[in-house]
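This is what each chain is made of:
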Amino acid sequence: MDTPAINVIHKRREQVFEAVVDGEHCLLDYQLSGNIMTINHTGVPSVVGGRGIAGALTLAAFQAARSEGWKVKPACSYAAGWLQRHPEFADLQA
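Bear in mind that the values here come from a model prediction, so they are computed numbers and not experimental data.

1. Section: the pattern of salt bridges
The final tally for this structure, using the stated rule, is four salt bridges. The shortest N-O distance in the salt bridge between Glu-18 and Lys-11 comes to 2.8 Å. Residue classification places Lys-11 among the partly exposed residues on the basis of a relative accessible area of 30%. Taking the shortest distance from any N to any O, the salt bridge between Asp-22 and Arg-51 comes out at 2.7 Å.

So, in structure tokens, the structure goes:
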């Protein structure tokens, strides 16, 4: 069985990446200071957990940082662990 794609939306004004899965709002929030994106929190409700949603949110955040020329400070423990598992984004770490 294929896992459906997770549609992540970057809401710049709110400084969040959001995905709605089965009606549940999943978020990664960050704070931008200059060219440093600090990822503060990644939240996925337990009813939709285990589907790779947090990973999709974090990937979208790092891809946005790369395209914008930002560095990333992974203050959230999930984002810090994700970065360790994805060395291809190590150059973005602030």
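2. Side note on the pairing of strand β3 (residues 24-33)
Successive residues of a regular strand alternate their side chains across the two faces of the sheet. Of the pairings in the sheet, the one linking strand β2 (residues 16-21) to β3 comprises six bridges and is antiparallel in character. Residue pairing across strands places Val-16 opposite Asp-29, the latter belonging to β3. Hairpin connection between β2 and β3: a loop of two residues separates the two successive antiparallel strands, and Asp-22 in this loop has a positive phi of roughly 50°. Bridge count between β3 and strand β4 (residues 36-43): seven bridges; the pairing is antiparallel. The residue bridging Leu-28 from the neighbouring strand is Thr-42, located in β4. A loop of two residues connects β3 with β4, the two strands running antiparallel in sequence, and Gly-34 in this loop sits at a positive phi of about 65°.

Cut-off values and rules
- Residues numbered from 1 in each chain as written.
- Predicted model: local features only at pLDDT ≥ 70, side-chain atom pairs only at ≥ 80, totals over all residues.
- Heavy atoms only, no water.
- Salt bridge = Lys/Arg side-chain N within 4 Å of Asp/Glu carboxyl O.
- Buried < 20%, exposed > 50% of the residue type's maximum accessible area, 1.4 Å probe, protein only.
- Pairing = 2+ DSSP bridges.
- Helix = DSSP H or I, 4+ residues; strand = E, 2+ residues; numbered from the N terminus.

From the geometry alone we can't say anything about function, so treat these as descriptive.
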